[in-house]
Structures are given as structure tokens and as C-alpha cells.
Amino acid sequence: MAFSYKLESLPWEVSMAGDDDNEGNPSQTLEKILKLREYIAALSVEWELIQIYTPEPNARHIQVLFRKRNG
Amino acid sequence: MAMLKTVDLVKVFRTEEVETTALNKVNIEVKEGEFVAIMGPSGCGKSTLLNIVGLLDNPSGGELHFLGHEVSKFKEKQRTNLRKANIGFVFQSFNLIDELTVFENVELPLLYLGVSATERKRKVEAVLDRMKMSHRRNHFPQQLSGGQQQRVAIARAVVANPKLILADEPTGNLDSANGEEVMNLLSELNSEGTTIVMVTHSPSDAEKAHRIIHLFDGHVVTENVKRIL
């Protein structure tokens, strides 16, 4: 059985007015999580989420591993 | 039926300088007989969630329902009584007691439950036989390989017939062959009806589960259904 994987580098920034500190702000974290969910949901018909990797501090992208669904 | 359910579960750790939200309104549900894997990068809240679900810690907010009881406000003695009767634990570093033999390690949960000596002997021997560790019953943990220690740990986790097994990185300290054996044991227990919630970094271990929940920074990001219960 053969599998196809892809590693996506998804945007990991949110632009929220009023706070320059992009790390540790709970509402910015939630905004990022919501965006991540949207990206994953948009790919989910053909691609299954395998792993989310830890982004570097202040990273602008987060790496996510997907596997193509069979059949 | 849901064996356990969390509603907007929150856990905040506070020190003098720092406040960390380890779990942020987490909602999960685990049905009886299900095998659920929880995945996510280090620090995402996986082990915190397992500790709360395992009644080892109380949440800071939200609700935890276990076997039909809302337990988030339980005092320590109530949590202990519910936990020892219903939950078995398997840890990455085995957590066997070095001063006790294999037999005595596996016997411990039954002692805490007040089971008679005759019944303890019967149950321990049966589970050691199943785990193919009978021949090592009088050995100490440091005399065993990693794979053998984890088999003893699993024996200890199941000897009291718990309804739920919580496994925190059960193959994390094992080579691939022993890891495969441990995962096969857990799958076998699940096929017999034991509910399992397993935290893991390993996508291949998670493949054994009915469902995979992905956490990130204390939030549920998504759930994958692998197979139907």
C-alpha cells in the first residue's frame, strides 16, 4: 500500500490592532488556532491531518503534515 | 454512551511571575469502548488533559463528567476512590516500584481496593500469564528490559479490570519492536471492551485508535475519525 504525504507551511500570523506583542496574547493565540482549523478543514476532503509541528517563537509559518486519503 | 466528557475545560497554572493556560475551553467526549489518541506538539496540554481526566488533578474551570458523575469539584478523597476503582494508568517511564517484585507491583492496585489475598493471587497470576511475564514474577524491575517493564506496567493497569486505561506515551521509551508489542496489547484490551485514551507523539501508534484528537496550545484543533466504533 502506498501513501502520499505533504508538508504544508501555513501562515501563522494574525494582524490584531492594539498589541504589538504577538506571543502569549490569548486572543491572538485563539485567532491563530481558528485560522489553523480553517486551513485543515479546507484540505480535509482529500488530505488527513497527521501532525502539527511546533513553530519557532515569532514564526510566520507553522508546518503541518498531511497524508492523502485513500479511496 | 459517553464514558467521559469535558465541557469548556480550563486549566491554568500560576506561579508568582507567570500564569500559563494549559487547557483553554477543551471539549471532548469519549464513548465506552472507544480508543482515542491525543496528539500534539510538546507543551500543547496533552498530559495536563490526561491528568485531569485521570482524576489526578482538578481543572481550573469547566466540567468533567466521568461515568455519569460531574467530578470537577470532587475533593481528593472522592477522586481517589473513583480513580482506583475505575482507571488504570500506563506511563512512558513505566513507574514501577523498584523495591517490589513484579508480582508485588501488579498486586498493588488490588491491595488498595481491599481485595482478599486469595483473590489477589488469582488475578495477578492470570494477568501475568496473559502478559507472558509469569516466569519473572519474583524479579525486580531493574532486572527487566524496557519492553518487559512496560508489560508489567500494563498488567498492573488492568489487574483490577478498570473501565478506562489512560496511557501517556506508552511506547516513548521503547524500541520499535517492543513498541509494536505494547500497541498490540492495548488494541487487544480495547477489542475486549476497555476504553483507552492514549497520549502520543507517534502518528503510527495513533493509527490504532478509533479517533485522533489534535491539540495545540491548549485548544482542540481538529479530530480525525480513523474507524467506526
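Per chain, residue numbering runs from 1 following the sequence as it is written. Each chain takes a letter, starting from A, and each ligand takes a number, starting from 1, following the order in which they are written. The model is predicted, so local features are restricted to residues of pLDDT at least 70 and side-chain atom pairs to those at 80 or more, both for listing and for counting; the totals for chains, interfaces and linings are taken over all residues.

Q: What is the right way to read helix H4 (residues 117-130) of chain B from this model?
A: Think of an α-helix as turning once every 3.6 residues; residues three or four places apart then point the same way. All names here are of chain B. Segments assigned H or I by DSSP are reported as helices when at least four residues long, segments assigned E as strands when at least two residues long, and all are numbered from the N terminus. For a helix, the expected span equals 1.5 Å multiplied by the residue count minus one. An ideal rise of 1.5 Å per residue puts 20 Å on 14 residues; H4 measures up with 20 Å between its terminal C-alpha atoms. A residue is called partly exposed when the number of other C-beta atoms within 10 Å of its own lies between 12 and 20, exposed at 12 or fewer, and buried at 20 or more, with C-beta atoms placed from the backbone. Residues of H4 that are buried: Arg120, Lys123, Val124, Val127 and Leu128. Buried residues along H4 cover an arc of 125° about the axis, so they all sit on one side. In H4, the exposed residues that point more than 90 degrees away from the buried face are Thr118 and Glu119. Positive backbone phi, at 55°, marks Lys132, one or two positions downstream of H4. What the arc measures is the spread of directions leading from the helix axis to the C-beta atoms.

Q: Would you take a moment to explain helix H1 (residues 46-53) of chain B for this structure?
A: Residue and element names in this part refer to chain B. The buried fraction of H1 is high, at 6 of 8 residues. Buried within H1 we find Lys46, Thr48, Leu49, Leu50, Ile52 and Val53. One or two steps after H1, the chain reaches Leu55, where phi turns positive at roughly 60°.

Q: Help me understand the packing of helix H3 (residues 102-112) of chain B against H4 of chain B, please; the structure alone is not making it clear to me.
A: Between two packed helices, both the angle of their axes relative to each other and the distance between the axes serve to describe the pair. Residues and elements named next belong to chain B. For helices, the axis comes from a line fit to the C-alpha atoms of the stretch in contact; other axes are also lines fit to C-alpha atoms, and the angle between any two N-to-C directions lies between 0 and 180 degrees. Two numbers describe how H3 lies on H4: the axes approach to 10 Å, and their chain directions differ by 125°. Considering the angle they form, H3 stands oblique to H4. Taken as a pair, H3 and H4 cross one another with a handedness that is right-handed. Between H3, through Phe103, Val106, Glu107 and Leu110, and H4, the contact on the second element is made entirely by Arg120, Lys123, Val124, Val127 and Leu128. Gly is placed with the polar residues, together with every amino acid not listed as nonpolar (Ala, Val, Leu, Ile, Met, Phe, Trp, Tyr, Cys and Pro) or charged (Asp, Glu, Lys and Arg). Partitioned by chemical class, the residues of the contact of H3 with H4 number 6 nonpolar, no polar and 3 charged. The scheme is simple: roughly parallel for angles under 35 degrees, roughly antiparallel for over 145, roughly perpendicular for 65 to 115, oblique for anything else. Each crossing gets its handedness from the near helix: less than a right angle anticlockwise from the far helix is left-handed, clockwise is right-handed. The contact rule is simple: place each C-beta atom from the backbone, and if two of them lie within 7 Å, those residues are in contact.

Q: Help me understand the environment of Arg227 of chain B in this model?
A: Residue and element names in this part refer to chain B. Inspection of the secondary structure assignment puts Arg227 in the segment after strand E11 (219-225). Residue class for Arg227 comes out exposed when judged on the 10 C-beta atoms lying within 10 Å of it. Separated by 106 residues in sequence, Arg227 and Lys121 have C-alpha atoms that sit 38 Å apart.

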